[in-house]
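Commentary on secondary and tertiary structure
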4 protein chains.
Amino acid sequence: MDTFDRLKAAASADWSSYVDHAFVRQLGEGTLPEAAFRTYLVQDYLFLIQFARAWALAAYKSRSIADIRAAQAGLAAILDETDLHVRLCGRWGISPEELQATPEHQATVAYTRFVLDCGMAGDLLDLHVTLAPCVIGYAEIGAKLAPAGVAALGAHPYAEWIGEYAGEGYQGVAANARCLLDDLASRNMTERRFDELAALFGKAARLEADFWQMGLDAGA
Amino acid sequence: MDTFDRLKAAASADWSSYVDHAFVRQLGEGTLPEAAFRTYLVQDYLFLIQFARAWALAAYKSRSIADIRAAQAGLAAILDETDLHVRLCGRWGISPEELQATPEHQATVAYTRFVLDCGMAGDLLDLHVTLAPCVIGYAEIGAKLAPAGVAALGAHPYAEWIGEYAGEGYQGVAANARCLLDDLASRNMTERRFDELAALFGKAARLEADFWQMGLDAGA
Amino acid sequence: MDTFDRLKAAASADWSSYVDHAFVRQLGEGTLPEAAFRTYLVQDYLFLIQFARAWALAAYKSRSIADIRAAQAGLAAILDETDLHVRLCGRWGISPEELQATPEHQATVAYTRFVLDCGMAGDLLDLHVTLAPCVIGYAEIGAKLAPAGVAALGAHPYAEWIGEYAGEGYQGVAANARCLLDDLASRNMTERRFDELAALFGKAARLEADFWQMGLDAGA
Amino acid sequence: MDTFDRLKAAASADWSSYVDHAFVRQLGEGTLPEAAFRTYLVQDYLFLIQFARAWALAAYKSRSIADIRAAQAGLAAILDETDLHVRLCGRWGISPEELQATPEHQATVAYTRFVLDCGMAGDLLDLHVTLAPCVIGYAEIGAKLAPAGVAALGAHPYAEWIGEYAGEGYQGVAANARCLLDDLASRNMTERRFDELAALFGKAARLEADFWQMGLDAGA
């Protein structure tokens with residue numbers, strides 16, 4: 001078991017509440033109301049802006065030039081992802097102006113600022129443990145929703161979204177994030193500290209579940 | 001108009017959603033379900049722990065010994081308030097162990113971490129502007145719910161809570177906070193910046209309204 | 001060996017450069033030029049202002065109310081120490097106005113901002129490891145300079161300063177700081193991390209030695 | 001007068017102590033001892049690592065995606081500059097291993113951590129005001145040392161270094177930094193705050209002068 005699997009096992013109920021959420025199920029089945037998806041998409045754009053700040057925080061918190069470079073690459077990747085997001089939103093008829101003008105939902109504020117605060121108050125490991133449900137969890141969800149591969153999604157209404165996270169590119173990002181977590185844990189994680197980290201991880205997973213719920217509520 | 005009144009005027013809809021929330025009205029009329037109040041009380045304890053951190057942040061962000069001392073007094077006052085809270089909870093049958101064991105609600109995470117993040121990313125004025133809906137708003141609510149004075153509350157079920165915030169002690173705390181806001185604004189607030197601050201203030205007020213809503217939902 | 005002794009052993013040359021510095025020897029022998037002592041005293045006042053911020057940072061970085069309270073007590077103690085400092089300076093003819101108007105020396109900036117940055121970028125253990133040369137080191141120096149007790153110092157020109165750090169009060173503060181270091185280490189220090197912490201500790205000790213040197217240079 | 005010129009005028013003595021330092025003069029005349037230059041070069045590499053962290057901090061402190069992108073570009077530029085530095089050091093016979101193994105000098109710690117701490121405790125304007133003596137000052141020094149242009153430097157022993165900062169590329173970076181300073185000032189600088197910023201700017205310039213002095217001392 002790597003560090004990520006240990007965290008999931010220690011917070012399994014919270015993890016299920018997130019990856020098996022009704023939003024995810026309906027997304028996979030293609031039955032998710034469009035209003036739910038659109039609300040999610042816009043908030044996820046606002047979410048990414050804060051996540052870019054979280055990667056910048058990782059660079060600030062680094063001691064070696066190698067660690068700064070790794071975080072800088074993460075930051076650049078997130079900024080690219082926001083461009084993709086603007087295009088994806090465009091295809092759903094959401095203009096850049098609408099994206100910018102939408103206020104953050106409570107669920108968006110809660111998870112993003114929780115991560116930023118854990119990362120600032122704690123160390124790099126705290127930061128990456130609370131980022132993991134998002135960074136690594138989306139790859140797990142993507143893979144689950146495209147069991148026969150991205151090509152087999154066909155005319156699925158949410159094929160583009162699922163394909164993004166099920167695709168090789170994002171799966172590689174998540175694999176790297178798992179390695180980074182192991183590296184940080186081998187440097188800084190005592191066994192006594194594991195329980196604290198698992199509690200942070202579980203809390204982050206619940207806040208992600210709340211984020212799905214926000215989308216679902218908007219489609220009701 | 002002092003800075004606080006200007007902020008309220010610029011974010012009046014958000015401000016009303018907070019100070020005129022159904023939770024506040026029912027609290028004042030004594031019709032608030034006990035379950036709603038208890039849920040609020042426990043989350044407010046968890047809230048105060050984060051607010052103690054916010055005052056510590058204000059001390060860290062200070063340049064002069066006078067500013068450090070003022071923030072230190074604020075931190076000490078919050079720590080005293082948590083003791084009061086433990087006693088108040090005790091009278092409602094909530095043990096310290098229950099307080100510690102309750103997980104933070106999304107609404108608690110959202111407002112507290114928003115304040116901490118604004119304060120860390122911005123300057124002391126950003127921090128105090130986002131703290132203001134809580135610090136100064138509670139005094140406004142307290143005064144509104146005890147129009148004939150604390151003594152006139154009699155056997156009101158929530159007399160102790162209302163009395164705390166309507167009382168002279170807390171009204172003085174809020175008056176000082178207004179002066180501090182004016183002082184910081186005179187030093188650091190350009191007119192161009194006012195709009196940004198009013199947006200942060202309005203967002204903080206909405207997150208406070210969400211916090212009341214959390215209590216109300218628990219009593220439904 | 002407790003954590004502090006392990007850190008000293010791992011950075012013994014840096015530690016000696018600090019606690020056995022010529023400034024310390026001359027202070028103990030009473031031969032330190034008054035100009036050196038006065039320059040030190042004024043810079044140490046400016047130093048304390050930043051150290052108050054470091055304790056505030058410790059409170060901000062705390063997760064439990066108990067840890068916040070402990071840091072708040074540390075902050076309050078430093079603020080009291082600055083009052084003592086103002087009085088001590090007064091006896092050497094240095095007015096509060098002169099204290100405030102003196103610019104920070106490079107050596108003062110270097111150690112204080114190093115501690116604040118380590119603490120912000122790292123975790124509570126990083127913060128307390130870099131504070132330790134000052135907090136615990138001064139108790140070691142005080143005890144060394146008053147081998148026969150504070151009372152035996154008699155008409156020693158620096159009796160008041162030595163007595164402050166050799167006295168029971170400060171020795172207790174340092175003993176608590178050692179316990180805190182052990183507690184944090186048992187929670188968060190892997191063996192792999194020890195080397196990094198020892199490097200930070202050694203660097204902090206060298207910056208303290210540079211601080212003595214600044215005083216000595218001023219008396220030359 | 002733009003903001004940068006106003007800051008220089010308000011801290012003119014500190015500014016001269018930096019840009020007219022003996023190290024700069026001897027560098028321009030080609031009489032600077034090689035030992036002084038080499039010591040400077042190695043410390044400047046260590047300096048850049050901390051400056052990369054300062055640009056990451058600017059990204060973290062940004063509110064809009066545009067500001068994050070600008071800071072990210074600054075961070076990427078600094079990381080590129082460290083590569084150039086490794087090559088330049090190589091030509092002077094300093095290996096990457098030697099670079100990594102050299103401890104930071106007090107002067108390096110003092111200026112870099114001062115900037116990081118000002119930036120964290122204050123806002124983006126504080127951060128950029130304290131970065132300015134380095135970012136913009138090096139362009140001023142470069143232009144001064146190559147009055148007839150980079151090509152005219154010929155066989156000057158420090159032609160490569162001077163050419164780097166006198167060249168079009170770096171002059172453009174500095175011009176952008178001046179615009180950014182004006183933009184931030186127009187948003188966040190009250191006249192009352194100007195004096196505080198000028199004091200921070202002057203202090204940063206003095207710490208830069210101390211950095212030259214460190215090089216000079218090593219060549220004596």
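Because the structure is a prediction, the values reported are computed rather than measured. (Residues numbered from 1 in each chain as written. Chains lettered and ligands numbered in written order. Predicted model: local features only at pLDDT ≥ 70, side-chain atom pairs only at ≥ 80, totals over all residues. Heavy atoms only, no water.)

**Notes on the packing of aromatic side chains**
- Taken as a whole and assessed by the stated rule, the structure comprises 92 aromatic pairs over all chains.
- Here the aromatic rings of Y165(A) and Y170(A) are separated by 5.0 Å at their centres, their planes lie at 85°, and the arrangement is edge-to-face.
- Here the guanidinium or amino end of R6(C) rests over the ring plane of F194(C), the centre of that ring lying 4.0 Å away. (Phe/Tyr/Trp six-rings, centres within 6.5 Å; stacked < 30°, edge-to-face > 60°. Lys NZ or Arg CZ within 6 Å of the ring centre and 35° of its normal.)

**Topic: the interface of chain C and chain A**
- Taken residue by residue, the interface counts 20 residues in chain C and 20 residues in chain A.
- In this assembly, chain C packs against chain A so that about 1,700 Å² is buried in total across both faces, 39% of it on carbon and sulfur atoms.
- Of all residues in chain C, R63(C), R187(C) and R192(C) bury the most surface against chain A, accounting for 30% of the area lost on that side.
- For the pair chain C and chain A, the interface holds 4 salt bridges.
- The residue R63(C) makes a salt bridge to D126(A) at a minimum N-O spacing of 3.2 Å.
- Put simply, chain C and chain A have 14 residue pairs in polar contact (both at pLDDT 80 or more) between them.
- Taken together, the elements giving at least two residues each to the side of chain C that touches chain A come down to α7 (106-121), α11 (168-188) and α12 (191-219) of chain C. (Contact = heavy atoms within 4.5 Å. Buried area = accessible area lost by both parts, 1.4 Å probe. Salt bridge = Lys/Arg side-chain N within 4 Å of Asp/Glu carboxyl O. Polar contact = N/O pair within 3.5 Å; in protein donor to acceptor, adjacent residues only side chain to side chain. Helix = DSSP H or I, 4+ residues; strand = E, 2+ residues; numbered from the N terminus.)

**Some points on the environment of A58(A)**
All names here are of chain A.
- With respect to the element layout, A58 can be found in helix α4 (residues 34-60).
- Separated by 144 residues in the primary sequence, A58 and G202 place their C-alpha atoms 21 Å from one another.
- Sequence-distant contacts of A58, that is, excluding residues within four places in its chain, are made with A71, L124, L127 and H128.

**Thoughts on the UniProt feature "domain: Thiaminase-2/PQQC" (unreviewed entry) in chain A**
- Per the UniProt annotation, the sites labelled "domain: Thiaminase-2/PQQC" (unreviewed entry) are residues 14-217 of chain A.
- Spanning residues 14-217 of chain A, this segment combines 82% helix with 0% strand, and its end C-alpha atoms are found 20 Å apart. (UniProt positions renumbered as here; feature names shortened; annotations may be inferred.)

**Topic: the packing of helix α4 (residues 34-60) of chain D against helix α12 (residues 191-219) of chain D**
Residue and element names in this part refer to chain D.
- Relative to each other, α4 and α12 sit at 140°, their axes nearing to 6 Å. Here α12 runs oblique to α4, going by the angle between their axes. With respect to the hand of their crossing, α4 and α12 are arranged in right-handed fashion. Contact residues: A35, A36, T39, Y40, Q43, D44 and F47 in α4; E208, F211, W212, M214, G215, L216, A218 and G219 in α12.
- Here the residues of the contact of α4 with α12 sort into 9 nonpolar, 4 polar and 2 charged. (Axes fitted to C-alpha atoms, helices over the stretch in contact; angles between N-to-C directions. Parallel < 35°, antiparallel > 145°, perpendicular 65-115°, else oblique. Left-handed = near helix turned anticlockwise from the far one by under 90°. Nonpolar A, V, L, I, M, F, W, Y, C, P; charged D, E, K, R; others polar.)

**A look at the nonpolar core**
- Judged by nonpolar contacts, the single largest core of 363 residues is most densely connected at W161(A), W161(B), W161(C) and W161(D).
- For W161(C), the contacting residues outside a window of four places in its chain are L27(C), F37(C), Y40(C), L41(C), L88(C), Y138(C), I141(C) and W212(C). (Core = buried A, V, L, I, M, F, W, Y, C linked by side-chain atoms within 4.5 Å. Buried < 20%, exposed > 50% of the residue type's maximum accessible area, 1.4 Å probe, protein only.)

**Notes on the pattern of salt bridges**
All names here are of chain C.
- Considering all chains together, one arrives at 80 salt bridges over all chains under this definition.
- Across the pair K8 and D5 runs a salt bridge whose closest N-O atoms are separated by 3.9 Å. Taken together, the positions of K8 and D5, both in helix α1 (residues 3-10) and 3 residues apart, correspond to about one turn of that helix.
- On the accessibility criterion, K8 (19% relative accessible area) is buried.
- D5 gets classed as partly exposed once you look at its relative accessible area, which sits at 26%.

**Overview of helix α11 (residues 168-188) of chain B**
Residue and element names in this part refer to chain B.
- End to end, α11 covers 30 Å across 21 residues, agreeing with the expected 30 Å (1.5 Å per residue, within 8%).
- Among all positions in α11, only Y170, A174, A177, L181, L184, A185, R187 and N188 are buried. Taken down its axis, α11 places every buried residue within 160° of arc, on the same side. In α11, the exposed positions that point more than 90 degrees away from the buried face belong to E168, N176 and C179. (Expected span 1.5 Å × (residues − 1). Arc of directions from axis to C-beta.)

**A closer look at the environment of R63(D)**
- Topologically, R63(D) is positioned in the loop between α4 and α5 (65-91).
- Judged by its relative accessible area of 38%, R63(D) is partly exposed.
- Other than its neighbours up to four places away in sequence, R63(D) contacts I49(A), C118(B), G122(B), D126(B), E196(B) and L200(B).
- Here the side chain of R63(D) touches D126(B) through a polar contact of 3.2 Å, side chain to side chain.
- Polar side-chain contacts of R63(D) include one of 3.2 Å to the side chain of E196(B).

**Section: the relation of the copies chain C and chain A**
- Expressed as a screw operation, the relation of chain C to chain A combines 0.0 Å of axial shift with a rotation of 180°, fitting to an RMSD of 0.0 Å. Expressed as a symmetry operation, the mapping of one chain copy onto the other fits a two-fold axis.
- Residue by residue, 100% of the interface of chain C is reproduced at the interface of chain A, so both copies engage with the same surface. (Least-squares fit on C-alpha atoms with pLDDT ≥ 70 in both.)

**Remarks on the interface of chain D and chain A**
- Residue-level contacts link 22 residues of chain D with 22 residues of chain A.
- Approximately 2,000 Å² of surface area, both sides summed, lies buried where chain D meets chain A, with 68% of it carried by carbon and sulfur atoms.
- Linking chain D with chain A are 2 salt bridges, by the criterion used here.
- The salt bridge partner of R69(D) is D83(A), with a shortest N-O separation of 3.0 Å.
- Scanning the region where chain D abuts chain A turns up 6 residue pairs in polar contact (both at pLDDT 80 or more).
- Elements represented by at least two residues in the side of chain D that touches chain A include exactly α4, α5 and α7 (106-121) of chain D.
- Grouping the amino acids of the side of chain D that touches chain A by side-chain chemistry returns 14 nonpolar, 4 polar and 4 charged.

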